[in-house]
Amino acid sequence: MSHPAGINRDAALREKWLKHGAGVLFALLVAACFRFHQLGASAFRADTIMFYDLCHRPLSAWTIMTNWMELVGVTAQFPFPLAAAKGMINLFHLEPTDFNIRLSSALFGALTVIPAFYIGNLLRGRWFGVLLALLIAVNPFHIQLSREAYFYAPMILGLAMQLGATLWIVRQ
């Protein structure tokens, strides 16, 4: 029995997306491995000690968001990354270990491969998207930023999402 041309085209399109989806999942797995491996091994230093200190206090993520200036004084940083770390610790009843304090930053860093794929896909197609996702996954600078309990990993994720949305709007 012969199938209409549309069904064969749909199957081919689905197969293409599965191949590229597997590439993005592979990039996400690589990113997670590089970011989670010995995540709690290095010491806190300089400004990251603020994450350590506030994650050990009996505070909620909401308290961190709403009382930011009272907790840390005038800083150039925003409360979201620290509130995300503390919120994850509180939500899952985790001990505030060095690993768990850094976990949200590592997750933000690993998730950056998804908008990287989207940006690459918009610019030059799916294979370029997979390549860009893999480049973010193994970028040593991005890996190091993602392994710190600090403000940069969610900022880079947000910027990548903003760039993807801007490219999408421009292309419409």
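Here the structure is shown first, and the text comes after it.
Residues numbered from 1 in each chain as written. Predicted model: local features only at pLDDT ≥ 70, side-chain atom pairs only at ≥ 80, totals over all residues. Heavy atoms only, no water.

Caption draft 1: Looking closely at the nonpolar core. One finds F51, C55, I64, W68, L82, I101 and F151 to be the most contacted residues of the largest nonpolar core, which totals 17 residues. Residue assignment for this core shows that the elements contributing at least two residues are α2 (48-55), α3 (61-66) and α5 (80-91). When residues no more than four places from it in sequence are discounted, the contact partners of C55 are L82, A85, K86, I89, P96 and I101. Membership of the second largest hydrophobic core comes to 10 residues, among which are A27, V113, F117 and A137. (Core = buried A, V, L, I, M, F, W, Y, C linked by side-chain atoms within 4.5 Å. Buried < 20%, exposed > 50% of the residue type's maximum accessible area, 1.4 Å probe, protein only. Helix = DSSP H or I, 4+ residues; strand = E, 2+ residues; numbered from the N terminus. Contact = heavy atoms within 4.5 Å.)

Caption draft 2: Seen up close, a nonpolar patch on the surface. There is a patch of nonpolar side chains on the surface, built from L123, F128, L131 and L135 and spanning about 340 Å² of accessible area. Within the fold, L123 resides in helix α7 (residues 113-124). (Patch = residues over 30% accessible without salt bridge, like charges linked within 9 Å, V, L, I, M, F, W, Y side chains within 5 Å. Areas by Shrake-Rupley, 256 points an atom, 1.4 Å probe, with all protein chains shown as cover. Salt bridge = Lys/Arg side-chain N within 4 Å of Asp/Glu carboxyl O.)

Caption draft 3: Up close: the pattern of salt bridges. Enumeration over the complete set of coordinates arrives at 2 salt bridges. A salt bridge links R45 to E148, with the nearest nitrogen and oxygen atoms 2.8 Å apart. Separated by 103 residues along the polypeptide, R45 in the loop between α1 (5-36) and α2 and E148 in the loop between α9 (140-146) and α10 (152-171) bring together distant segments of the chain. Take E148: its relative accessible area is 11%, and that puts it in the buried class. Note that D53 is salt-bridged to R57, the shortest N-O span being 2.9 Å. The exposure class of D53 is partly exposed, given its relative accessible area of 36%.

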